[in-house]
Amino acid sequence: LKEALAAYQLNDPSLSIEPFGTGLINRTWKLIDGGKSFVLQKINQAVFNDPAKIDKNIRIISTACKANHPEQLFVSPLPNNNGETLTYLPGDGYYRLFPFVNGSHSIDAVDNEQQAYEAAAQFAKFTAALKEVDLSQLELTIPDFHNLEIRYAQFVDAMSTGNTARVIECQKIISRLLELNDIVAEYSRMLHTRPFLKRVAHHDTKISNVLFDENDKGICVVDLDTVMPGYFISDIGDMMRTYLSPVTEEEQDLSKVFVRPGIYKAIVDGYLSGMGPQLNEAEKYSFFYAAKFMIYMQALRFLTDYLRDDIYYGAKYTTQNLSRAQNQLALLEDLISREATLKAYPFQ
Ligand code: GN1
Ligand code: MG
């Protein structure tokens, strides 16, 4: 990391460097340089093939946010020695450095309704603050990132082109995911009838992407690599996916994976607190669909990766991506079993 650090004049031999966070795609380190702390990140170029697009989007949204909502904290990448917010090291890759927000912490699983409410309110505030951004200015950092038709097609393709032994091993979960493809049909209807508006969406609203203060109040959102035009179901969906269950997507004991209705309500309420006035009727009635959409898509993505020998997410143990897919399917099954009561909220 020496060269990357030198690009930011971080040359002090006493600098401490430690791997940081639980992200699956980029590599992240926390640095402590005397009294100052930073977060250094190396961008995964197999996933983000044009990091300049990320840099451009962050510049656009940070400018808009600072102009219209100076009170809102926005963590922008710091300039390197050349004044650029993206550092390219030939033969190595792309890096950026962020200030560490003092007094902040993140969590990997939601313990209580306040955390869920606060996180949802932060993501709502984020999209609401960027209402004026011209969407045509923003780059698609990963085209079709949350396009469920395409994710489904990739899954079906992996069944014939993937690792044959794994395809056979996974027959049961494959059949169930195929059976649930009404969720894709509903997405297709949505694409054609366009009930949802495009806005600046975060596209990775997992709980670890929210900074909290010591009283569990939300400070701001981070991880802006997939910020691009999108639908609110992406953001609501990923909150539901990662906050509803008391355990993370890594949990292998499926009896611990279930939906907490109080958390569902806290997400809806928190999101409406910032975005209520902007959502249209169709959107307000689609919170439940958003949850189904994202949990199903993530189950497909993990299983597709397992069938393709873990080329996207990698795996710390052989069946990790299969087990993540099973975890997501268990969550989806429990969600679907509660459809009648959850869907009614908050429209009794
Ligand atoms: C990836 O790297 P991380 O943890 O922020 C993925 C998300 C998935 C998530 C699952 C660019 O996010 O879409 O929901 O893993 N990001 C990308 O944990 O694929
Ligand atoms: Mg991310």
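Our structure is the block above this text.
Being a predicted model, the structure only gives us computed values, none of them experimental.

*Asks:* Sorry if this is basic, but what is going on with unusual backbone geometry here?
*Replies:* With glycine set apart, most residues show a phi of negative sign, and most peptide bonds adopt trans. A cis geometry characterises the amide bond from Tyr345 onward to Pro346, with omega recorded as 0°. With respect to the helices and strands, the residue Pro346 is situated in the segment after helix H13 (339–344). Positive phi, close to 70°, is recorded for His203, a residue that is not glycine. Locating His203 in the fold gives a position in the loop between strand S6 (199–201) and strand S7 (210–212). On the accessibility criterion, His203 (5% relative accessible area) is buried. At Asp223, a position not held by glycine, the phi torsion is positive, near 65°. Along the chain, the position of Asp223 falls in the loop between strand S8 (218–221) and strand S9 (228–230).

*Asks:* Is there a simple way to think about the coordination of the magnesium ion (ligand 2) in this case?
*Replies:* Metal coordination angles in their ideal form are 109.5 degrees for the four-donor tetrahedron and 90 or 180 degrees for the six-donor octahedron. The protein atoms that coordinate the magnesium ion (ligand 2) are Asp204 (OD) and Asp223 (OD), at distances spanning 1.8 to 2.1 Å. Remark: Asp223 occurs in the loop between S8 and S9 and Asp204 occurs in the loop between S6 and S7; sequence separation between them is 19 residues. Exposure remark for Asp223: the relative accessible area of 27% places this residue in the partly exposed category.

*Asks:* How should I be thinking about the environment of Asn321 in this particular structure?
*Replies:* With respect to the secondary-structure elements, Asn321 resides in helix H12 (residues 320–337). For the pair formed by Asn321 and Leu1, sequence separation is 320 residues and the distance between their alpha carbons is 29 Å. Contact partners of Asn321, with chain neighbours within four places excluded, come to Phe302, Leu303, Asp305, Tyr306, Asp310, Tyr313, Gly314 and Ala315.

*Asks:* Which parts of the structure should I look at to understand the sheet that holds strand S1 (residues 16–19)?
*Replies:* Sheet strands line up and pair through hydrogen bonds in the backbone, either parallel or antiparallel. Reading across the sheet, the five strands line up as S1-S2-S3-S5-S4 and stay open at both edges, with antiparallel pairing between neighbours. Each end of this open sheet is capped by a strand with a single partner; those strands are S1 and strand S4 (87–89). For this sheet, the mean angle separating the axes of adjacent strands, direction not counted, is 25°. Note that S1 and strand S2 (residues 27–33) share four bridges and pair antiparallel. Considered in S2, the bridge of Glu18 is made with Lys30.

*Asks:* How should helix H2 (residues 51–68) be read in this particular structure?
*Replies:* Because an α-helix completes one turn every 3.6 residues, residues spaced three or four positions apart along the sequence face the same direction. Between the first and last C-alpha of H2 there are 26 Å, a value that for 18 residues agrees with the 26 Å anticipated at 1.5 Å per step. Looking at the buried positions of H2, the neighbouring elements they touch are strand S5 (93–99), helix H3 (113–129), S6 and S9.

*Asks:* Hey, could you run me through the packing of helix H7 (residues 182–193) against helix H11 (residues 287–307) in this one?
*Replies:* A pair of packed helices can be characterised by two numbers: the angle between their axes and the separation between those axes. At a minimum axis separation of 10 Å, H7 and H11 run at an interaxial angle of 120°. One way to sum up the angle between H7 and H11 is to call them oblique. At the point where H7 passes H11, the crossing takes the left-handed sense. Every residue of H11 that contacts H7 at Ile183, Val184, Glu186 and Tyr187 is listed here: Tyr289, Lys292, Phe293 and Tyr296.

*Asks:* Help me understand the nonpolar core, please; the structure alone is not making it clear to me.
*Replies:* Buried together is how nonpolar side chains tend to be arranged in soluble globular proteins. Counting residues in hydrophobic clusters, the biggest one holds 93 residues, and the most contacted among them are Leu148, Tyr243, Ile267, Tyr271, Tyr296 and Leu303. With 16 residues, the top contributor of residues to this core is H11. Every residue in contact with Tyr271, bar those within four places of it in the chain, is listed here: Ala120, Ala121, Phe123, Ala124, Thr127, Phe232, Ile236, Met239, Gly276, Leu279 and Phe287. Among the nonpolar cores identified, the runner-up in size contains 13 residues, and Leu5, Tyr8, Leu15 and Leu97 belong to it.

*Asks:* Can you help me understand the site of ligand 1 in this one?
*Replies:* Surveying the vicinity of ligand 1 reveals 16 residues, the closest of which are Asp204, Lys206, Glu249, Arg301 and Tyr312. Within the side chain of Asp204, a nitrogen or oxygen atom sits 2.8 Å from an oxygen atom of ligand 1. In the complex, the protein chains occlude 95% of the 440 Å² of accessible area that ligand 1 would expose alone. Its residues placed into classes, the shell around ligand 1 shows eight nonpolar, two polar and six charged.

*Asks:* What's the story with the pairing of S5 in this structure? I'm lost.
*Replies:* Burial runs high along S5: six of the seven residues are buried. Sheet topology places strand S3 (residues 36–42) next to S5; five bridges connect them, and they run antiparallel. The residue of S5 that forms the bridge with Val39 is Phe98. For S4 and S5, the ladder comprises three bridges, and the chain directions are antiparallel. Within the sheet, the bridge partner assigned to Tyr88 lies in S5 and is Tyr94. In sequence, S4 turns back onto S5 through a hairpin of three residues, with Gly91 there showing a positive phi of about 80°.

*Asks:* Help me understand helix H4 (residues 148–161) in this model?
*Replies:* Over its 14 residues, H4 extends 19 Å from the first C-alpha to the last, a length consistent with the 20 Å expected when each residue adds 1.5 Å. Within H4, burial applies to Leu148, Arg151, Tyr152, Phe155 and Ala158. The arc that holds every buried residue of H4, seen down its axis, measures 115°, which confines them to one face. Exposed and facing more than 90 degrees away from the buried side of H4 are Ser160 and Thr161. In this structure, the buried side of H4 is in contact with helix H5 (164–169), helix H6 (171–179), H7 and H11. Its side-chain oxygen 3.0 Å from the backbone nitrogen of Glu149, Asn147 forms the N-cap of H4.

Cut-off values and rules
Residues numbered from 1 in each chain as written. Chains lettered and ligands numbered in written order. Predicted model: local features only at pLDDT ≥ 70, side-chain atom pairs only at ≥ 80, totals over all residues. Heavy atoms only, no water. Helix = DSSP H or I, 4+ residues; strand = E, 2+ residues; numbered from the N terminus. Buried < 20%, exposed > 50% of the residue type's maximum accessible area, 1.4 Å probe, protein only. Donors = N, O, S within 2.8 Å, 3.2 Å for Na, K, Ca; no water. Contact = heavy atoms within 4.5 Å. Pairing = 2+ DSSP bridges. Axes fitted to C-alpha atoms, helices over the stretch in contact; angles between N-to-C directions. Expected span 1.5 Å × (residues − 1). Parallel < 35°, antiparallel > 145°, perpendicular 65-115°, else oblique. Left-handed = near helix turned anticlockwise from the far one by under 90°. Core = buried A, V, L, I, M, F, W, Y, C linked by side-chain atoms within 4.5 Å. Near = heavy atom within 4 Å. Polar contact = N/O pair within 3.5 Å; in protein donor to acceptor, adjacent residues only side chain to side chain. Areas by Shrake-Rupley, 256 points an atom, 1.4 Å probe, with all protein chains shown as cover. Nonpolar A, V, L, I, M, F, W, Y, C, P; charged D, E, K, R; others polar. Arc of directions from axis to C-beta.

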